[in-house]
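# Report on the structure
Here are the chains, one letter per residue:
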Amino acid sequence: QVQLVESGGGLVQAGGSLRLSCAASGRTFSTAAMAWFRQAPGKEREFVAAISRSDTTARYADVVKGRFTISRDNAKSTVYLQMNSLKPEDTAAYHCAATFVYQISTTYAAYKYWGQGTQVTVSS
């Protein structure tokens, strides 16, 4: 199957930036649609951003539009999430996910493969 390993999380002040990375292995990365979801303690896992396998389409949750950018580097089998203008509300464990079934999806259930997550904490 597919292994996904996130990195890049940390503690930042509000207004700061972080770049998350998700390295994939086990299957052909270029054929997978990728996404980022996040989950805070006591909260449901929520969609953040997704990018199509063709790297032509991206989707974002309304709360991160204009601040976050998802991208992928197929040569490195890596998907990124550039997070700017971070807010305390962005504090969560961020997980990357992959699906080989859909071109792109914002739905949790569409993704079969998940990373363990990387913690992002934004202080006020």
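Summarised in this report is the structure supplied together with it. Since the structure is predicted, the reported quantities are computational estimates derived from the model, not experimental observations.

Rules of the game
- Residues numbered from 1 in each chain as written.
- Predicted model: local features only at pLDDT ≥ 70, side-chain atom pairs only at ≥ 80, totals over all residues.
- Heavy atoms only, no water.
- Helix = DSSP H or I, 4+ residues; strand = E, 2+ residues; numbered from the N terminus.
- Rg over C-alpha atoms; globule rule 2.2 N^0.38 Å.
- Contact = heavy atoms within 4.5 Å.
- Areas by Shrake-Rupley, 256 points an atom, 1.4 Å probe, with all protein chains shown as cover.
- Lys, Arg positive; Asp, Glu negative; His and termini not counted.
- Charge placed at Lys NZ, Arg CZ, Asp CG, Glu CD.
- Buried < 20%, exposed > 50% of the residue type's maximum accessible area, 1.4 Å probe, protein only.
- Pairing = 2+ DSSP bridges.
- Phe/Tyr/Trp six-rings, centres within 6.5 Å; stacked < 30°, edge-to-face > 60°.
- Disulfide = S-S within 2.5 Å.
- Salt bridge = Lys/Arg side-chain N within 4 Å of Asp/Glu carboxyl O.

### A word on the overall build of the protein chain
Within the protein chain, the secondary structure is distributed over 0 helices and 11 strands. What you see in the protein chain, going N to C, is helices and strands ordered as β-β-β-β-β-β-β-β-β-β-β. The C-alpha radius of gyration of the protein chain comes to 13 Å, within 12% of the 14 Å expected for a compact globule of 124 residues. In terms of principal-axis extent, the alpha carbons of the protein chain reach across some 40 × 25 × 25 Å. Summarising the internal contacts of the protein chain: among those between residues at least 6 apart in sequence, 61% fall at separations of at least 24. Split by element, the accessible area of the protein chain, about 6300 Å² in all, is 46% carbon and sulfur. Placing the 13 positive and 8 negative side-chain charges of the protein chain at their respective mean positions leaves the two points 5 Å apart.

### Some thoughts on the pairing of strand S4 (residues 33-39)
Counting buried positions along S4 yields 6 of 7 residues, so the element is predominantly enclosed. Pairing between S4 and strand S9 (residues 92-99): 7 bridges, direction antiparallel. In the strand pairing of S9, methionine 34 is matched with alanine 98. Connecting S4 to the next strand, strand S5 (residues 46-51), in antiparallel fashion are 6 residues, including glycine 42 with a positive phi near 75°.

### So, the packing of aromatic side chains
According to the stated counting rule, one finds 7 aromatic pairs in the structure shown. Relative to tyrosine 108, the ring of phenylalanine 37 has its centre 6.3 Å away and its plane inclined at 85°; by these criteria the two rings are edge-to-face. Note that phenylalanine 37 is positioned in strand S4 and tyrosine 108 in the loop between S9 and strand S10 (113-114), a separation of 71 residues in sequence. Taken together, a centroid distance of 5.0 Å and an interplanar angle of 55° make the contact between phenylalanine 37 and tryptophan 114 tilted. Taken as a pair, phenylalanine 37 in strand S4 and tryptophan 114 in strand S10 lie far apart in primary sequence, 77 residues in all. For phenylalanine 37, a relative accessible area of 1% puts it in the buried group. Look at tryptophan 114 and you get partly exposed, because its relative accessible area is 23%. Ring pairing ties together the aromatic residues Phe37, Phe47, Tyr108, Tyr111 and Trp114, which thus form one cluster.

### Focus on the state of the cysteines
Going through the model one piece at a time under the given rule, you end up with 1 disulfide. Residue cysteine 22 pairs covalently with cysteine 96 via a disulfide, S to S 1.9 Å. Where cysteine 22 bonds to cysteine 96 through sulfur, the torsion about that S-S bond is close to 55°, and the disulfide is right-handed. Here the residue cysteine 22 occupies a position in strand S3 (residues 18-25), and cysteine 96 occupies one in strand S9, the gap between them amounting to 74 residues. Accessibility assignment for this pair places cysteine 22 and cysteine 96 in one class, buried.

### Re the pattern of salt bridges
What the rule picks out here adds up to 4 salt bridges. For lysine 65, the salt bridge identified is with aspartate 62, shortest N-O distance 3.0 Å. Taking relative accessible area as the criterion, aspartate 62 reaches 64% and is therefore assigned exposed.

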